[in-house]
Amino acid sequence: MTPAPGPDREPAPAPGPCADSAEELYETAPCGFLSTAMDGTITKINGTLLRWLGRDRAGTVGRARFSDLLTTGGRLYHETHFAPLLSMRGEIGGIALQMRTATGDRLPVLVSAAVRYAADGTPALVHFTVFDAADRRTYEEELLRRRAAADEARDLAEAALREAEEARARSEADRSRLTDALAVLQQALLPAELPTVPGLDVASYYYTASPDRLGGDFYDLFALDARRWAFFLGDVTGKGPRAAAVTSLTRYTLRAAVFQESDPAGALTTLNAVLYDRYGADADPRHCTAVVGVVEPDPERGRATVRLASGGHPPPLLLRAAGPVGTADRAECVLMPGGMLAGALPDASFTPATATLGPGDTLLLYTDGLTEARLGPGRTDLYGEERLRDFLARQTSTAPEDLVAAVAALLEKLGDGVDDDTALLALGTPLSPE
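Everything numeric in this text was worked out from a predicted model, so none of it was measured.

Draft legend 1. View of helix 6 (residues 241-261). With 21 residues, helix 6 ought to run about 30 Å at 1.5 Å a step, and its terminal C-alpha atoms sit 30 Å apart, in line with that. Just downstream of helix 6, S262 is the residue with a positive phi angle, here 55°.

The following block contains the structure:
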C-alpha cells in the first residue's frame, strides 16, 4: 500500500510499476536522507537515519532542525562553517560531523548537502545525504586484525620448514594488501597535487617512515580569493586509523575555518574548540600541532606577505636568497612563542606572526619526524632544529623544489633513524619577478 502523504512525506507518485519500489528505496537506503526548509526545519527524513538515531518520525519532521541532530561541537561547526559554506557554494560534500542519538551516544558521519532552488531561482530546500563513518573505521580495524593474524601464523610456522614457507607466503600477501590499502588511505588525507599560485613557487613532500602505519601528518594549500592563498601543515598525535580520523576532521575544520575567518589564529581557535569538544574528555585524548598561514603574493615586485599562527608546532624556516651560503643569515626561524597545542585545553591561545618574502626567498614548513630522527650507534642523539637550519643554510639554491628535494634526500640518508612520518611544504618567490 502506498503511504498517505503527510507533513514528513512528499506527495505520493502516480500509481505505476516503480512507485512503491522508489519509496521503499528511499526509506531503506544504506545511507541516511533528509530534507530541510531553508531555516533548517526538517521536512522529510528516511527510515534509515531515524533508525540510526533512535528517533521517531512524528517527533522529528516539522519539529526539529538539522542542527538539533548534532552534538555540541557539531552544532558549533554547522553554524560557523558548514551552513555559511553551503549558503555560499550551494553544495558541500564529505564533511565529518557527529550526530547525537536519542540515547545520547555519538554517531560519526560524513555529510553532503545541496541546495535546491525554486523556478524563480530562490533557495527552496536543502537535501542532505548522511553516511555512517563507523563502517570505514571498522574496515580499517579489520585490515589491522588481518595483519596481526598473518604475523601470528608466521611465528607459529617456524617449527616446521614447510609450514614456515606457507605462513610466509600468506603473510606477504596480506602485508601487500594492507600496505596498498594504507597507502590509499594516507594519500586521501593529502592534496593530490598543489595548485599553481601566481607569483609563488610551491613544493611539498611526504616521507612515510613505516608503510604499515597510518601517519597523522598533513598539509594543504588552496585559494581564498584572487589575491590570497591559505596553507597549513601539522601533525596529529598517535598513529593508525583513529589518528587518520582526527587528521581528516582537522583538515576539513581548518579549511572551513580559514575560509570563514581569513585569520590564522582564529582558524586555530576554531580547530581547538572542535577537537576539545570531540576528544577532550576521552581517556585517550587527541590533539595536534599545526602552523596556519595566509600568503599574499606580489608578482610585480617579486615579493610576498605571509601571516602565520602556530599551535605548538616547530617554527617554519625562512631561507634568504640574499644571505651568503653557509652563514646564519641564510636561514632564520619564524618564531611564534606561546602557541599551544590544538585540542589539549578548552581555552588555548595562539600567537600570530608576519613574514615577508623577498625575491628568491622560501618559507619551509615541516613536521618533527625529521628533527626527531635519531643519530649515532645508540640512536640517542636527535637530529634537531639546529642541524636542520645549518643544513638548509648550506644549500646553494633557495628554490622550493630544490630545498624540498634536498631534505627528501636527507631523510632517505638518515634511513632507520627516522621513525616518524615527515611532511614538508615550501612556498617561495621566484628570483626574477614574473
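Draft legend 2. Summary view of the side chain of D368. With respect to the secondary-structure elements, D368 resides in the loop between strand 14 (362-366) and strand 15 (374-375). One buried charged side chain, D368, makes no salt bridge at all; its nearest oppositely charged neighbour is K239, positioned 7.4 Å away. If near-sequence neighbours (up to four positions away) are discounted, D368 is found in contact with D235, P314 and D420.

Draft legend 3. Spotlight on the packing of aromatic side chains. Using the criterion set out here, one finds 7 aromatic pairs in the structure. Arranged with centres 6.3 Å apart and planes meeting at 35°, the rings of F66 and F82 form a pair that is tilted. Taken together, the residues span a long stretch of sequence, with F66 in the loop between helix 2 (47-53) and helix 3 (72-89) and F82 in helix 3 at a distance of 16 residues. In this structure, F66 and F82 share a single accessibility class: buried. Site record: aromatic cluster; members linked through ring pairs are F218, F222, F232 and F259. Positioned above the aromatic ring of F222 is the side chain of R255, whose terminal nitrogen or guanidinium carbon lies 4.2 Å from the ring centre.

Draft legend 4. View of the pattern of salt bridges. Summed over all chains, the structure comprises 10 salt bridges. E296 is paired through a salt bridge with R227; the nearest N and O atoms lie 2.4 Å apart. Placement of E296 in strand 9 (residues 288-298) and of R227 in the loop between strand 7 (217-223) and strand 8 (229-236) is noted, with a sequence separation of 69 residues between them. Classification of E296 by relative accessible area gives partly exposed; the value is 34%. Of the charged contacts in the structure, one is a salt bridge between R387 and D381, with a shortest N-O distance of 2.9 Å. Classification of R387 by relative accessible area gives partly exposed; the value is 36%. Among the charged side chains, a salt-bridge network with shared partners connects D220, R251 and R255.

Draft legend 5. Geometry of the pairing of strand 7. Counting buried positions along strand 7 yields 6 of 7 residues, so the element is predominantly enclosed. Taking the residues between adjacent antiparallel strands as the criterion, strand 7 and strand 8 are bridged by 5 residues.

Draft legend 6. Representation of the environment of D329. For D329, the location among the structural elements is in the loop between strand 11 (317-319) and strand 12 (331-333). Since its relative accessible area comes to 58%, D329 is described here as exposed. Linking D329 and L318, residues 11 residues apart in sequence, is a C-alpha distance of 9.9 Å.

Draft legend 7. Representation of the sheet that holds strand 12 within the structure. In space, the 5 strands of this open sheet follow the order 6-17-14-11-12, with antiparallel pairing throughout. Strands at the two margins of the open sheet, each flanked by one partner only, are strand 6 (201-207) and strand 12. Direction aside, neighbouring strands of the sheet carry axes that sit 20° apart on average. Pairing of strand 11 with strand 12 involves 3 bridges; the strand directions are antiparallel. Following the sheet pairing, L317 is matched in strand 12 by C333.

Draft legend 8. A look at the sheet that holds strand 9. Spatially, the 5 strands line up as an open sheet ordered 7-8-9-10-13, and their pairing is antiparallel. Strand pairing shows two members of the sheet lacking a second neighbour, strand 7 and strand 13 (351-357), which therefore form its edges. Mean inter-strand twist for the sheet, computed between neighbouring axes without regard to direction, equals 15°. Sheet topology places strand 7 next to strand 8; 7 bridges connect them, and they run antiparallel. Paired with A223 across the two strands is W229, which belongs to strand 8.

Draft legend 9. Representation of the environment of Y383 within the structure. With respect to the helices, strands and loops of the structure, Y383 is situated in the loop between strand 16 (381-382) and helix 8 (384-393). Through-space distance from the C-alpha of Y383 to that of E372 is 5.9 Å; in sequence the pair is 11 residues apart. Setting aside residues up to four positions removed in sequence, Y383 forms contacts with L370, T371, A373, L375, L388, F391, L410 and L414.

Draft legend 10. View of helix 3. Between its first and last C-alpha atoms helix 3 spans 24 Å; for 18 residues at 1.5 Å apiece the expected length is 26 Å, and the two agree. Of all the bends found along helix 3, the most pronounced is centred on H78 and spans about 50°. Turning to helix 3, its buried residues are G73, G74, Y77, H78, H81, F82, L85 and L86. Tucked into the core, helix 3 has its buried residues touching strand 3 (91-100), strand 4 (106-117), strand 5 (123-132), helix 6 and helix 7 (264-279). Positioned one or two residues after helix 3, G90 has a phi angle of 90°, which is positive.

Draft legend 11. Region of the structure containing the layout of surface pockets. One number sums up the size of the largest pocket: a volume of about 280 Å³. Around the largest pocket, the lining is made up of 18 residues, and of these M38, H78, A83, L86 and V126 lie nearest the centre. By residue number, the principal contributor to the lining of the largest pocket is helix 3, which donates 5 residues. Taken as a whole, the second largest pocket spans an internal volume of roughly 190 Å³. Along the walls of the second largest pocket sit Y77, L85, R89, I92, G93, I95, R251, Y252, R255, A256 and F259, which together make up its complete lining.

Draft legend 12. Representation of the packing of helix 6 against helix 7 within the structure. Interaxial distance between helix 6 and helix 7 falls to 8 Å at its minimum, and their mutual angle equals 145°. At the point where helix 6 passes helix 7, the crossing takes the right-handed sense. Here R242, V246, L249, T250, T253, L254, A257, V258 and E261 of helix 6 come into contact with helix 7, specifically with G266, A267, T270, L271, V274, L275, R278 and Y279. Grouping the constituent residues of the contact of helix 6 with helix 7 by class yields 10 nonpolar, 4 polar and 3 charged.

The rules we used
- Residues numbered from 1 in each chain as written.
- Predicted model: local features only at pLDDT ≥ 70, side-chain atom pairs only at ≥ 80, totals over all residues.
- Heavy atoms only, no water.
- Helix = DSSP H or I, 4+ residues; strand = E, 2+ residues; numbered from the N terminus.
- Expected span 1.5 Å × (residues − 1).
- Buried < 20%, exposed > 50% of the residue type's maximum accessible area, 1.4 Å probe, protein only.
- Lys, Arg positive; Asp, Glu negative; His and termini not counted.
- Salt bridge = Lys/Arg side-chain N within 4 Å of Asp/Glu carboxyl O.
- Contact = heavy atoms within 4.5 Å.
- Phe/Tyr/Trp six-rings, centres within 6.5 Å; stacked < 30°, edge-to-face > 60°.
- Lys NZ or Arg CZ within 6 Å of the ring centre and 35° of its normal.
- Pairing = 2+ DSSP bridges.
- Axes fitted to C-alpha atoms, helices over the stretch in contact; angles between N-to-C directions.
- Bend = angle between axes of the 7 residues up to and from the residue.
- 1 Å grid on protein atoms, 1.4 Å probe; cavity = no way out; pocket = protein on both sides within 12 Å on 5 of 7 lines; lining within 4 Å.
- Points joined across faces, edges and corners; volume = space filled by probe spheres on them.
- Left-handed = near helix turned anticlockwise from the far one by under 90°.
- Nonpolar A, V, L, I, M, F, W, Y, C, P; charged D, E, K, R; others polar.

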